[in-house]
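Observations on chain architecture
Chain by chain, the residues run as shown.
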Amino acid sequence: MTLMESLSPRALAAPQSGIVELVNYARGRPGLIPLWAGEGDLPSPAFINQATKDSLDAGETFYTWQRGLPELRDALSRYYQRHFGVSLPREHFFATSSGMHAITLSVQALTAPGDEIIYLTPSWPNIVAAIGIAGAKAVPVPVDFVGGGWSLDVAKIESAITPKTKALFINTPSNPTGWTATQDGLKAILALARKHGIWIIADEIYALYYFNGQRAPSFLDIQDEGERIIYANSFSKNWSMTGWRVGWLVAPPEIGQVLENLIQYSSSGLTPFMQRGAIAALDQGDDFLRSNIERARTSRDVLCDALIATNRVQTLKPDGAIYAFLKIDGIDDPRKAAFDIVDKTLVGLAPGSAFGPGGGAFLRACFLRDPVQVKEAADRLCDYILKL
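Nothing here was measured: the structure is a model prediction, and the numbers come from that model.

Looking at a nonpolar patch on the surface
On the surface, Met4, Leu7 and Leu12 cluster together into a nonpolar patch covering about 290 Å² of accessible area. Tracing the chain through its elements places Leu7 in the segment before helix H1 (9–13).

What to know about the packing of aromatic side chains
For the structure shown, the criterion picks out 18 aromatic pairs. Ring centres of Tyr80 and Phe84 lie 4.9 Å apart, and the angle between their planes is 25 degrees; on these two criteria the pair is classed as stacked. Taken together, the residues Tyr80 and Phe84, both in helix H4 (residues 70–84) and four residues apart, mark about one turn of the helix. Relative accessible area serves as the criterion here: at 7%, Phe84 is assigned to the buried category. Both rings, one in Trp150 and one in Phe325, keep their centres 6.0 Å apart while their planes meet at 45 degrees; by these two values the pair is tilted. Placement of the pair is Trp150 in strand E6 (residues 149–151) and Phe325 in strand E12 (residues 323–328), with a sequence separation of 175 residues. One aromatic cluster is present, built from ring pairs that chain together Tyr79, Tyr80, Phe84, Phe93, Phe235, Trp239 and Trp248. The ring of Phe94 has Arg73 lying over it, and the distance from NZ or CZ to the ring centre is 5.9 Å.

Concerning the sheet that holds strand E14 (residues 350–351)
Spatially, the four strands line up as an open sheet ordered E11-E12-E15-E14, and their pairing is antiparallel. Among the strands making up the open sheet, the edge pair consists of strand E11 (313–314) and E14. Here two bridges tie E14 to strand E15 (residues 363–366), and the two strands are oriented antiparallel to one another. Across the sheet, the residue bridging to Pro351 is Leu363, located in E15.

Brief notes about the environment of Ser218
Structurally, Ser218 can be placed in the loop between strand E8 (199–203) and strand E9 (229–234). Classification of Ser218 by relative accessible area gives buried; the value is 0%. Note: C-alpha distance between Ser218 and Thr182 (36 residues apart in sequence) is 8.6 Å. Sequence-distant contacts of Ser218, defined by excluding residues within four places in its chain, comprise Phe84, Leu186, Glu204 and Tyr231. In this structure the side chain of Ser218 is engaged in a polar contact, spanning 2.9 Å, whose partner is the backbone nitrogen of Leu220.

A closer look at the side chain of Gln275
Take Gln275: it is sitting in helix H10 (residues 272–284). Gln275 sits in the buried class, given a relative accessible area of 0%. In terms of polar contacts, Gln275 uses its side chain to reach the backbone carbonyl oxygen of Leu270, at 2.8 Å. Setting aside chain neighbours within four positions, we find Gln275 in contact with Thr64, Gly68, Leu69, Leu72, Ala95 and Leu270.

What about the pattern of salt bridges?
Side-chain pairing between opposite charges can occur once the charged atoms of the two side chains come close. This structure, assessed with the given rule, holds 24 salt bridges. Asp74 is paired through a salt bridge with Arg90; the nearest N and O atoms lie 2.7 Å apart. Placement of the pair is Asp74 in helix H4 and Arg90 in the loop between H4 and strand E2 (93–96), with a sequence separation of 16 residues. Judged by relative accessible area, which is 25%, Asp74 ranks as partly exposed. The salt bridge involving Asp286 is made with Arg82; its shortest N-O contact spans 2.9 Å. Linking Asp286 in helix H11 (residues 286–308) with Arg82 in helix H4, this pair joins segments that are 204 residues apart in sequence.

Focus on the sheet that holds strand E7 (residues 165–171)
The strand order E2-E10-E9-E8-E7-E3-E4 describes an open sheet built from seven strands, whose pairing is mixed. If you trace the sheet from one side to the other, it starts and ends with E2 and strand E4 (137–142), each paired once. The mean inter-strand angle of the sheet, taken between neighbouring strand axes irrespective of direction, is 25 degrees. Those strands touched by helix H5 (residues 99–110) are E2, strand E3 (116–121), E7, E8, E9 and strand E10 (247–250), and its axis lies near 160 degrees from that of E9.

What about the pairing of E2?
Residues Phe93 and Ala95 line one face of E2 and the alternating positions Phe94 and Thr96 line the opposite face, and both faces are buried. Here E2 pairs with E10 via four bridges, running antiparallel. From the neighbouring strand, Thr96 faces E10, where its bridge partner is Gly247.

So, the environment of Ala207
With respect to the secondary-structure elements, Ala207 resides in the loop between E8 and E9. Considering only alpha carbons, one finds Ala207 and Ile322, 115 residues apart in sequence, at a separation of 11 Å. The contact partners of Ala207, leaving out residues within four places of it in the chain, are Phe84, Pro173, Arg215 and Ala216.

Calculation rules
- Residues numbered from 1 in each chain as written.
- Predicted model: local features only at pLDDT ≥ 70, side-chain atom pairs only at ≥ 80, totals over all residues.
- Heavy atoms only, no water.
- Patch = residues over 30% accessible without salt bridge, like charges linked within 9 Å, V, L, I, M, F, W, Y side chains within 5 Å.
- Areas by Shrake-Rupley, 256 points an atom, 1.4 Å probe, with all protein chains shown as cover.
- Salt bridge = Lys/Arg side-chain N within 4 Å of Asp/Glu carboxyl O.
- Helix = DSSP H or I, 4+ residues; strand = E, 2+ residues; numbered from the N terminus.
- Phe/Tyr/Trp six-rings, centres within 6.5 Å; stacked < 30°, edge-to-face > 60°.
- Buried < 20%, exposed > 50% of the residue type's maximum accessible area, 1.4 Å probe, protein only.
- Lys NZ or Arg CZ within 6 Å of the ring centre and 35° of its normal.
- Pairing = 2+ DSSP bridges.
- Contact = heavy atoms within 4.5 Å.
- Polar contact = N/O pair within 3.5 Å; in protein donor to acceptor, adjacent residues only side chain to side chain.
- Axes fitted to C-alpha atoms, helices over the stretch in contact; angles between N-to-C directions.

So this is what it looks like as structure tokens:
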């Protein structure tokens, strides 16, 4: 038996990231405009960094609360009161070592080997891998591409439910498509979950990156107390903290000890000085967040207007999130094209094949960047497209 053959089948089945594959190929090239990853180009703001430095200088380098500092959980409560109009005490909140960790904990809490979780596709690929590594099965339900935009037929979700279904994973606004559920759509999904006694894992990381109002519709707008919903979120996009790996969960207090146990046996708690930075983000970061959202809106318009004007790109301006998901006439193999584009234009796009069923014909561009830089990327891409 070889070393590889001796490894866990679940670990061996974990796929290589189709995004990281391209990043590793072209990272660091002079003049590169990297639109492949879901992050902006601004570093974390000084007030967040200073709070973290102050904590380090104060000696906060010891083990800490598994669920998160009480001060952080209270700050999360205030954040949800301001932005979602809901009153949730600290018992609902759990600090995690990234948004990915939050999702992994949710899957672990809800599934046993052989259980199923339904997810909407095209989707961020990490959820599928997390479900598979847990020994459960990821069941895709397609969001339909119509007229350059995306729409969900909720009946397709119900048709995918089986006796093994434990949860629905709902990411809205969506990575990569920008699809954003309406409140009526969320009501229909919640009604299904209630009818079948299954959980919802709500990935609302882009809830405030919504371009048709103050924020996107949320399950928090319609849920009752004690609902079977876990919310996974992250500090990454709102406050330019992607490298920090800090996230959180919102969950019913009744399952709090289970989540604390899972945190204990996976990370043993989030670094305390990073939590101080997170508190600063929540309490002092609304202006920075609003500027990030407006930056995304401006760059979305710059990129999409230019590409649509070629008459060779099928897309609409997304209602939410920070991505344009592009179907380009004349490109039959977007994975191959992503490598060709980076070689010829020095613009990094993520191949749609990385986002599962329904994504293979597309390329994804993250537009949370300086509008001047996004215009340069759009000009390069338009020149490439018009030569196809």
